[in-house]
Amino acid sequence: MSLTLVIPTYNRALLLDRLLTDLCSRAPADWEIIVVDDGSSDATVEVIASHTPRIRWVYQQNQGVSAARNAGVRLASHDWIKFVDSDDLCPVDQLCLFLSNAYDMPKNQLPVGLTEAFDAKLKPLKLCDLNPPIDWPEGLMTPAQCVNFSFATSMVLFRKEALI
């Protein structure tokens, strides 16, 4: 199941290195990993270079995370896109299962998974606004259910055609 991971980054070289090291060792070979460097002035370019040829990357002048994500979407060559922030970790095994079920979903639904957030010392944070609606069946969300539900971009698996 092919997937494009879009990773926007800005001055997070150490965290990006941790993420890319993990992804390059565990992500299936048919997954595309695109890093969009949004004008970093730290060692981000060197970190990305140390992970090539597995990583596709582009540099742009600082325009913000949304512009970086959009640049990644334009470069994506697979039907499914997952945004991964450069300070995140990506649960590859769980994402493989998630993706295998996504192909059977109706086009008006998005696969959504819950997320965990941690502080700099990897202590879990409580995110009261990320509680799913009571009628939310795990792994499915219709547009109507999204109206009153706050979620992080990294929780959703997007169809490229829907993003374009």
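Keep in mind the model is a prediction, meaning the values are calculated, not measured.

Rules of the game
- Residues numbered from 1 in each chain as written.
- Predicted model: local features only at pLDDT ≥ 70, side-chain atom pairs only at ≥ 80, totals over all residues.
- Heavy atoms only, no water.
- Helix = DSSP H or I, 4+ residues; strand = E, 2+ residues; numbered from the N terminus.
- Buried < 20%, exposed > 50% of the residue type's maximum accessible area, 1.4 Å probe, protein only.
- Contact = heavy atoms within 4.5 Å.
- Areas by Shrake-Rupley, 256 points an atom, 1.4 Å probe, with all protein chains shown as cover.
- Phe/Tyr/Trp six-rings, centres within 6.5 Å; stacked < 30°, edge-to-face > 60°.
- Lys NZ or Arg CZ within 6 Å of the ring centre and 35° of its normal.
- Salt bridge = Lys/Arg side-chain N within 4 Å of Asp/Glu carboxyl O.
- Pairing = 2+ DSSP bridges.
- Patch = residues over 30% accessible without salt bridge, like charges linked within 9 Å, V, L, I, M, F, W, Y side chains within 5 Å.
- Disulfide = S-S within 2.5 Å.
- pLDDT = per-residue confidence, 0-100.
- Right-handed = clockwise from strand over helix to strand, strands pointing away.

Right, let's talk about the overall build of the protein for a bit. Counting its regular elements, the protein contains six helices and seven strands. The helix and strand sequence of the protein, counted from the amino end, reads β-α-β-α-β-α-β-α-β-β-α-β-α. Burial status across the protein gives 41% buried among its 164 residues. Here the analysis covers contacts within the protein between residues at least 6 apart in sequence; of these, 72% occur between residues at least 24 apart. Here the protein has roughly 9200 Å² of accessible surface; of this, 56% comes from carbon and sulfur atoms.

In the structure shown here, the tally under the stated rule is one aromatic pair. When the ring centre of Phe83 is taken as reference, the NZ or CZ atom of Arg69 above it lies at 5.6 Å.

On to the pattern of salt bridges, then. For the structure on display, the rule yields four salt bridges. Here Arg69 makes a salt bridge to Asp85, at a shortest N to O gap of 2.8 Å. With Arg69 in helix 3 (residues 65-75) and Asp85 in the loop between strand 4 (80-83) and helix 4 (92-102), the pair connects residues that are 16 residues apart, well separated along the chain.

Now for the pairing of strand 4. Of the two faces of strand 4, the one carrying Trp80 and Lys82 and the one carrying Ile81 and Phe83 are both buried. Where strand 1 (residues 4-9) lies against strand 4, three bridges are found, and the strand directions are parallel. Its bridge partner being in strand 4, Leu5 is matched across the sheet by Lys82. Here strand 4 runs beside strand 7 (residues 157-159); their pairing, made up of three bridges, is antiparallel. Its bridge partner being in strand 7, Ile81 is matched across the sheet by Phe158.

With that out of the way, let us pick up a nonpolar patch on the surface. Together, Val45, Trp57 and Tyr59 give the surface a local cluster of nonpolar side chains, amounting to about 260 Å² of exposed area. Here Tyr59 is to be found in strand 3 (residues 55-59). Given a relative accessible area of 38%, Tyr59 falls into the partly exposed group.

Under the defined criterion, the tally for this structure stands at zero disulfides. Here Cys96 is not disulfide-linked; the sulfur of Cys90 is the nearest cysteine sulfur, at 9.0 Å.

On to the confidence of the model for the protein. Confidence along the protein averages 83 in pLDDT terms, with 78% of residues attaining 70 or more. Element-level pLDDT for the protein is lowest in helix 5 (residues 143-146), with a mean of 60, against a maximum mean of 97 in strand 2 (residues 32-37).

The next thing to look at is the pairing of strand 1. Of all six residues in strand 1, six are buried, a share of seventy percent or more. Burial of the side chains of strand 1 extends over both faces: Thr4, Val6 and Pro8 are buried on one face and Leu5, Ile7 and Thr9 on the other. The pairing of strand 1 with strand 2 spans six bridges and is classified as parallel. Of the residues in strand 2, the one forming a bridge with Pro8 is Val36. The handedness of the strand 1 to strand 2 crossover, carried by helix 1 (residues 13-26), is right-handed.

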